[in-house]
Amino acid sequence: MAGDDTGGQSPAWTDPSCPVARTVDLVGDRWSLLIIRDAMDGARSFTDFQQRTGIARNILTERLRKLTTRGLLTQVDAPSGRRRLYALTEAGKDLFPVIVTLRQWGERHAFEAGETHSVLVDGDGARVPDLLPVAANGSPLTSDTTSVRRHA
């Protein structure tokens, strides 16, 4: 399958020239995104990830290995020195706006009106405003006002 880990080799890209396709090949499965989400929320150990997601241990092992191999997580020594913990790399941290945008889309489209859900807040406890792409001049961008330029 395209995008599967190939034992340290580069993955076979679904669409080699598309950044969206390459990103989905790297982190597009459900469990990988939830692991990244939980790492952003403080999960560090195998047990943390397993308890937060409910993922089967064998699948979690494979996803943590894949995310580490692909450079989104790194392993670090625990303060006790008895086990290894996981930490986001800069590439993993760069997924923050993606996770926020997925969360905000879910708040608008995955819940019924009035249905309770978690809320992302800033350091002062204020709800994080919607992330919206804007042009260089500050005007809002949408799929109707942008296009993809393909290089020959």
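Going by the structure above, here's the rest.
Residues numbered from 1 in each chain as written. Predicted model: local features only at pLDDT ≥ 70, side-chain atom pairs only at ≥ 80, totals over all residues. Heavy atoms only, no water.

Asks: Looking at this structure, how should I read the overall build of the protein chain?
Replies: Per the secondary structure count, the protein chain includes six helices and two strands. Listed N to C, the secondary structure of the protein chain is α-α-α-α-β-β-α-α in terms of helices and strands. Taken along its principal axes, the extent of the C-alpha atoms in the protein chain is 50 × 45 × 30 Å. Out of the 152 residues in the protein chain, the part that is buried amounts to 26%. Contacts in the protein chain between residues far apart in sequence, at least 24 positions, make up 38% of those at least 6 positions apart. For the protein chain, the computed accessible surface area is about 10600 Å², with 53% contributed by carbon and sulfur atoms. (Helix = DSSP H or I, 4+ residues; strand = E, 2+ residues; numbered from the N terminus. Buried < 20%, exposed > 50% of the residue type's maximum accessible area, 1.4 Å probe, protein only. Contact = heavy atoms within 4.5 Å. Areas by Shrake-Rupley, 256 points an atom, 1.4 Å probe, with all protein chains shown as cover.)

Asks: Honestly, the nonpolar core in this entry has me stumped. Any pointers?
Replies: One recurring pattern in soluble globular proteins: nonpolar side chains tend to sit buried together. The biggest cluster of nonpolar side chains holds 18 residues, and the ones touching the most others in it are Ile 35, Ile 36, Phe 49, Leu 60, Leu 64, Leu 67 and Leu 73. Where this core is concerned, the elements lending two or more residues are helix H2 (30-40), helix H3 (46-53), helix H4 (57-69) and strand E2 (84-88). The element contributing the most residues to this core is H2, with four residues. Here Ile 35 is in contact with Phe 49, Leu 60, Arg 63, Leu 64, Leu 67 and Leu 73, once residues within four sequence places are set aside. (Core = buried A, V, L, I, M, F, W, Y, C linked by side-chain atoms within 4.5 Å.)

Asks: Is there a simple way to explain the packing of aromatic side chains in this structure?
Replies: Taken as a whole and assessed by the stated rule, the structure comprises one aromatic pair. Seen in terms of ring centroids, Phe 49 and Tyr 86 are 6.2 Å apart; in terms of plane orientation they differ by 75 degrees. Their pairing is edge-to-face. Of the two residues, Phe 49 sits in helix H3 while Tyr 86 sits in strand E2, which places them 37 residues apart along the sequence. Both residues of the pair, Phe 49 and Tyr 86, belong to the buried class. (Phe/Tyr/Trp six-rings, centres within 6.5 Å; stacked < 30°, edge-to-face > 60°.)

Asks: Help me out: how do you make sense of the environment of Asn 58 in this one?
Replies: As for its position among the elements, Asn 58 is in helix H4. The sequence separation of Asn 58 and Ala 12 amounts to 46 residues, and the corresponding C-alpha distance is 23 Å.

Asks: Would you mind showing me how to read H4 here?
Replies: One turn of an α-helix holds 3.6 residues; hence residues three or four places apart share an orientation. The end-to-end C-alpha separation of H4 is 18 Å, in line with the 18 Å expected for 13 residues at 1.5 Å each. Where H4 is buried, its residues contact helix H1 (19-27), H2, H3, strand E1 (73-77) and E2. Looking one or two residues beyond H4, the residue adopting positive phi is Gly 71, at roughly 85 degrees. (Expected span 1.5 Å × (residues − 1).)

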